[in-house]
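Structural overview for review
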Amino acid sequence: MSLPELGRLEDLPQDYRDALGAQNLVPLWPSLRGVLPPGKPAPRTRATAWNYQALRPLLLQAGELTPIEKAERRVLVLANPGHGLEKMQASSTIYLGMQLLLPGEWAPAHRHTPNAVRMIVEGEGAYTTVDGEKCLMQRGDLILTPTGLWHEHGHDGDKPVVWLDVLDLPLVYYMEASYVTEGRAQTVSGDSAGLAYQRGGVVPSPLFERSATAFPMLRYPWVDVRAALTTLARTRPEIEAVQVAYINPETGADAQKILGFSALMLRPGETLLLPARSTATVFHVIEGGTSVAADTSAFALGEADTCCIPGYTATTLFNASTSAPCFLFVADDAPLQKKLGVYEVREAHKA
Ligand code: 1HN
């Protein structure tokens, strides 16, 4: 059923509009359908893909053009044209960027209100120190930098290191709650306390006390996540999606409070139908390749490629390889939407 048409701004006399404006007033009805579209939102976020092999030379060129001291963080932002490139948004709440650190470089310590994670894309020998915990960066690892924690990046290797940054910056900025505090180099505190969390099923419990730390585990090594996925695929052949969620091992809750992260394995030849959900979703290929089809958009993603699909869009993933699995890193704002009560899954879609 179509909704009745409402009065337009132009229907009002100019002197009335001027009188409203003079008192910082606006009539609601000309804008009501825009802010409350019938049936489903009209997202600005467009289905967009970023090809790693195409952006990589430009990122390496940034390494020649801009010394780290002039960048602090040498990043090319994956910007969604639906929001306007200058807004630096992949979706309404998600920021994505590819960051380059060259051998011997150091990105100085700071802390800020937006939450960040890093998914390591290429290279060896870099590390990020998060609140005194030195986290090695290896391909496919996920490293958390939750709100308020000090972090800096260093690189002892001999080749460029690249990682994907995922932040809730657009949301925190929109809330007018985004700011940074600069700091000095951190002292690394012995061996990483977080390492003791990297074994499934047990958590440190000294003198019968569980940790009070909000973020006890900061590094999720890819070897372990990959092993969990391949084991799941082997032991549970009947399950529809071979998927694991990155969680806080103390609480079982999502690893961070605003954005949610998971890893997904597409078996060789597998087609996975993902229902329309209210969240925009980011897919990043850790290994292998997949096609992504969502409404009228379709992309072929290879290793290290990334795409963003708007919310309320059923999505089909297809791994065309008959021999190799595809491993994807997935990010969305489901934790936020669930807390706010607006998270929704629409009916499963038809193939
Ligand atoms: C940030 O702190 C990093 O620490 C990367 O590596 C990207 C984008 C916006 C705001 C802060 C980092 C960022 C960022």
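Below or above, wherever it landed, is the structure these notes cover. (Residues numbered from 1 in each chain as written. Predicted model: local features only at pLDDT ≥ 70, side-chain atom pairs only at ≥ 80, totals over all residues. Heavy atoms only, no water.)

1. Side note on the pairing of strand β7 (residues 133–136)
- Of the two faces of β7, only one is covered, namely that formed by E133 and C135; the face formed by K134 and L136 stays uncovered.
- Summarising the sheet, strand β6 (residues 126–130) and β7 pair through 4 bridges and their orientation is antiparallel. Along β7, the bridge assignment pairs T129 with K134.
- Hairpin geometry of β6 and β7 is characterised by an intervening segment of 2 residues between the two adjacent antiparallel strands and by a positive phi of about 45° at D131. (Buried < 20%, exposed > 50% of the residue type's maximum accessible area, 1.4 Å probe, protein only. Helix = DSSP H or I, 4+ residues; strand = E, 2+ residues; numbered from the N terminus. Pairing = 2+ DSSP bridges.)

2. Some points on the packing of aromatic side chains
- What the rule picks out here adds up to 4 aromatic pairs.
- On the basis of an interplanar angle of 80° and a centroid distance of 5.5 Å, the ring pair of W222 and F327 is categorised as edge-to-face. Here W222, found in helix α5 (residues 222–235), pairs with F327, found in strand β21 (residues 326–332); they are 105 residues apart in sequence, far enough to count as distant.
- Look at Y246 and F329: their rings are 6.1 Å apart centre to centre, the planes differ by 75°, and that puts the pair in the edge-to-face class. With Y246 in the loop between β13 (242–245) and β14 (260–266) and F329 in strand β21, this pair connects stretches of sequence that are 83 residues apart. (Phe/Tyr/Trp six-rings, centres within 6.5 Å; stacked < 30°, edge-to-face > 60°.)

3. As for the site of the ligand
- The immediate surroundings of the ligand are formed by R73, Y95, Q99, H110, H112, R118, H151, H153, D165, L167 and L169.
- Contact between the ligand and Q99: an oxygen atom at 3.0 Å from a side-chain N or O atom of the residue.
- Separating an oxygen atom of the ligand from a side-chain N or O atom of H153 is a distance of 2.6 Å.
- For the ligand, whose unbound accessible area comes to 330 Å², protein coverage reaches 86%.
- Listed by contribution, the elements that provide at least two residues to the shell around the ligand are β3 (95–101), β4 (106–112), β9 (151–155) and β10 (161–167). (Near = heavy atom within 4 Å. Polar contact = N/O pair within 3.5 Å; in protein donor to acceptor, adjacent residues only side chain to side chain. Areas by Shrake-Rupley, 256 points an atom, 1.4 Å probe, with all protein chains shown as cover.)

4. Focus: empty space enclosed by the protein
- Applying the stated criterion across every chain yields a total of 1 cavity of 30 Å³ or more.
- Volume-wise, the largest cavity comes out at about 30 Å³.
- Every residue lining the largest cavity is listed: I120, V121, R139, G140, H284, V285, I286, E303 and A304.
- If you list the elements that add at least two residues to the lining of the largest cavity, you get β5 (116–122) and β16 (281–287).
- Per element, the largest residue contribution to the lining of the largest cavity is 3 residues, and it comes from β16.
- Class assignment for the residues of the lining of the largest cavity results in 5 nonpolar, 2 polar and 2 charged. (1 Å grid on protein atoms, 1.4 Å probe; cavity = no way out; pocket = protein on both sides within 12 Å on 5 of 7 lines; lining within 4 Å. Points joined across faces, edges and corners; volume = space filled by probe spheres on them. Nonpolar A, V, L, I, M, F, W, Y, C, P; charged D, E, K, R; others polar.)

5. Details of the pattern of salt bridges
- All chains considered together, the criterion is met by 12 salt bridges.
- A salt bridge links D165 to R118; the nearest nitrogen and oxygen atoms lie 2.4 Å apart. Pair noted here: D165 is in strand β10 and R118 is in strand β5, with a separation of 47 residues, a long-range link.
- Of the charged contacts in the structure, one is a salt bridge between E238 and R236, with a shortest N-O distance of 2.8 Å.
- For E238, a relative accessible area of 56% translates into the label exposed. (Salt bridge = Lys/Arg side-chain N within 4 Å of Asp/Glu carboxyl O.)

6. Considering the sheet that holds strand β18 (residues 297–301)
- With respect to topology, 4 strands assemble into an open sheet ordered β15-β20-β17-β18, the strand pairing being antiparallel. Where the open sheet ends on each side, the last strands, each with one partner, are β15 (271–274) and β18. For this sheet, the mean angle separating the axes of adjacent strands, direction not counted, is 15°.
- Summarising the sheet, strand β17 (residues 290–294) and strand β20 (residues 315–318) pair through 4 bridges and their orientation is antiparallel. Bridging across to β20, A294 finds its partner in T315. (Axes fitted to C-alpha atoms, helices over the stretch in contact; angles between N-to-C directions.)

7. Focus: the nonpolar core
- Among the nonpolar cores identified, the biggest contains 59 residues, and L96, M98, L142, V166, Y246, F261 and F329 are the most heavily contacted of them.
- Every residue in contact with Y246, bar those within four places of it in the chain, is listed here: M119, L142, Y220, V225, D254, A255, F261, S262, A263 and F329.
- Formed by 16 residues, the second largest nonpolar core is a distinct cluster that contains V292, C307, L317 and V330. (Core = buried A, V, L, I, M, F, W, Y, C linked by side-chain atoms within 4.5 Å. Contact = heavy atoms within 4.5 Å.)

8. Considering the sheet that holds β3
- Read from one edge of the open sheet, 6 strands run β2-β3-β10-β5-β8-β12, paired in antiparallel fashion. The open sheet has two edge strands with one neighbour each: β2 (75–77) and β12 (219–220).
- Taken strand by strand, helix α3 (residues 52–65) contacts β2, β3, β5 and β10, and its axis lies near 55° from that of β3.

9. Some remarks on the layout of surface pockets
- Of the pockets and cavities examined, the largest pocket occupies roughly 1,100 Å³.
- Taken together, 32 residues line the largest pocket, and the ones lying closest to its centre are H83, Q89, S91, S92 and T93.
- At the level of elements, α2 (32–35), α4 (169–174) and α6 (334–340) are the ones that each hand at least two residues to the lining of the largest pocket.
- Split into classes, the residues belonging to the lining of the largest pocket amount to 17 nonpolar, 11 polar and 4 charged.
- Taken as a whole, the second largest pocket encloses approximately 560 Å³ of empty space.
- Taken together, 30 residues form the lining of the second largest pocket, with Q243, S262, R277, D332 and Y343 sitting closest to its centre.
- Those elements that place two or more of their residues in the lining of the second largest pocket are β13, β14, β15, β16, β21 and α6.
- No other element matches β14, which puts 4 residues into the lining of the second largest pocket.

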